[in-house]
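For reference, the chains in residue letters:
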Amino acid sequence: MSAVHKFDGGPILRYLALDPDYAPSPDESPIEFLKQHMSQLPPHLLILFNAHPKATPRARASVPAIKNRRCAYAATEPKSLDPDVLSKTDPGVWDLVNSERAQALTIRRPAVVDEDEAEADERDWASNEFQDGNKMHVGKIGELLAELEGERRRERERAVRRQVLVARAREEETLQEEEESSDEEEGGVSAGPERLRPDPAEEDIRRAIREQFISGLLTNVDYDKVDWEERWDPDDRDNEERWFDEEEES
C-alpha cells in the first residue's frame, strides 16, 4: 500500500524566514501564498504543494506565474498536447476531438444527390400521369423528359464548378496580395516557402486543448513539469541587456 503524503508548510516557512503563524498560510491558503511567494521558492520546495488538496492543477491556474509558465509551454506545441495523443487517454479530449471533426465533416461534406432520381421522377410522371397512362408515345416522352432533366442537372453541376473556380481564384488573389503586402513591409525580402493554410477545425481543437491545459482541466497531463519548472518563465535577458546598454550610454 502506497504512503499518502501530507502537506507540511514548515520547510517553506523556514526557507523564507517567516513565522509559523504567517498569513496567508501555505497550509490554509496555498494559492494565495503562491501568488505572493512563488518567485522566492526553489522548485524542490514548490513541488511540495503537489500534496496539498487545495493546490490542484485547476486551482493553481489562478496563480499568474503558473499561468504564464503554462502559456509558454503550450506555445511550443508539445507532443503531450497533441489532440491525437491526448484523445487516447483523456475521455474529455476524445469527445472534443471526435465531436469537432465530425461537425467539420458534416459541414464540408457535399450533399450526395442521386443523379437518376429526378430523371426517374420524370419517367414515372410520363408513365403514370401523362394522358392517363396512355402508352402511346409515353416511352419517347418519358425519355425526352428524363434527358431534359439530366441536362438541367449537368448545367447545375457546371454552374457549381464555375462558382468553385471563381471562389478559388479570388482566394488565391487575396493570398497573393497579402504575401505581396507582407513582402513590402519586410523590405522586399521573401518570407520563404509558402505555408499551407491550417485546417480551421484542427486549429479549433488545438486551441480548445491549450485553453483546457492552461486552466488545469486536462486529466492526463503532467502539470508538475511545467508549474514548478523555472525554464518556462519569461526570458528577461533582453530587458537586462537593454538596461545595461542604457546605463553605459548614460
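Per-chain numbering applies: the sequence of each chain, read as written, is numbered from 1 onward. Thresholds applied to this predicted model are a pLDDT of at least 70 for local features of residues and 80 or more for the giving and counting of side-chain atom pairs; totals over whole chains, interfaces and linings are not thresholded and use all residues. The basis for every side-chain value is the complete set of heavy atoms in the structure, and neither hydrogens nor water enter the calculation.

The protein is annotated in an unreviewed UniProt entry as CCD97-like C-terminal domain-containing protein of Rhizoctonia solani.

**Student:** Provide a residue-level description of unusual backbone geometry, including the pertinent values.
**Tutor:** Here the residue pair Ala23 and Pro24 is connected by a cis peptide bond, since its omega of 5° sits within 30 degrees of zero. Secondary structure elements are defined from DSSP: runs of H or I of at least 4 residues count as helices, runs of E of at least 2 residues count as strands, and each element is numbered from the N terminus. Among the secondary structure elements, Pro24 is positioned in the loop between α1 (10-15) and α2 (30-37). A positive phi is found at Ala17, a non-glycine position, where the angle reads about 60°. Here Ala17 is to be found in the loop between α1 and α2. Even without glycine at this site, Glu77 takes up a positive phi of about 50°.

**Student:** Can you explain the packing of aromatic side chains? Please cite residues and give values.
**Tutor:** What counts as a ring pair is set by centres within 6.5 Å for rings of Phe, Tyr and Trp (its six-membered ring), and what kind of pair is set by the plane angle: stacked under 30 degrees, edge-to-face over 60, tilted for all other angles. Applying the stated rule across the entire model yields 7 aromatic pairs. Between the aromatic rings of Tyr73 and Phe213, the centroid separation amounts to 5.5 Å while the plane-to-plane angle is 40°, which identifies the pairing as tilted. Here Phe213 lies in helix α10 (residues 200-214) and Tyr73 lies in helix α5 (residues 64-75), a separation of 140 residues in the sequence.

**Student:** Could you give an account of the confidence of the model for the protein, with specific residues and numbers?
**Tutor:** Note: pLDDT gives the predictor's confidence per residue, expressed from 0 to 100. Summarising the model, the protein shows a mean pLDDT of 77, and 62% of its residues fall at 70 or more. Highest mean pLDDT in the protein belongs to α2 (97); lowest belongs to helix α12 (residues 237-249) (52). Note that residues 109-113 has pLDDT below 50 and, in this model, 0 contacts with residues that lie over four places away or in other chains. Residue contacts follow a heavy-atom distance rule, with two residues in contact if any of their heavy atoms lie within 4.5 Å. The low-confidence segment residues 189-195 (pLDDT under 50) makes 5 contacts with residues lying over four places distant or belonging to another chain.

**Student:** Give me the lowdown on the side chain of Asp227, citing residues and values where you can.
**Tutor:** Position of Asp227 among the secondary structure elements: in helix α11 (residues 224-227). What makes Asp227 buried here is its relative accessible area of 0%. Within the structure, the side chain of Asp227 is placed 2.8 Å from the side chain of Arg70, a separation counted as a polar contact. Between buried and exposed lies partly exposed: a residue is buried under 20% and exposed over 50% of the maximum accessible area for its type, with that area taken using a 1.4 Å probe on protein chains only. In protein, a polar contact means a hydrogen-donor-capable atom and an acceptor-capable atom, both N or O and within 3.5 Å, with residues adjacent in sequence counting only if both atoms are side-chain atoms; elsewhere, any N or O pair within 3.5 Å suffices.

**Student:** Please set out the pattern of salt bridges residue by residue, giving values where relevant.
**Tutor:** Think of a salt bridge as a Lys or Arg side-chain nitrogen and an Asp or Glu carboxyl oxygen that are within 4 Å of each other. What the rule picks out here adds up to 7 salt bridges. Linking Asp227 and Arg60 is a salt bridge whose minimum nitrogen-to-oxygen distance equals 2.8 Å. With Asp227 in helix α11 and Arg60 in helix α4 (residues 57-60), this pair connects stretches of sequence that are 167 residues apart. The salt bridge partner of Arg69 is Asp233, with a shortest N-O separation of 2.6 Å. Residue Arg69 is located in helix α5, and its partner Asp233 is located in the loop between α11 and α12; the two are separated by 164 residues in the primary sequence. With relative accessibility at 32%, the residue Asp233 sits in the partly exposed group. Salt bridges sharing partners connect three or more residues here, namely Arg60, Arg70, Asp224 and Asp227.

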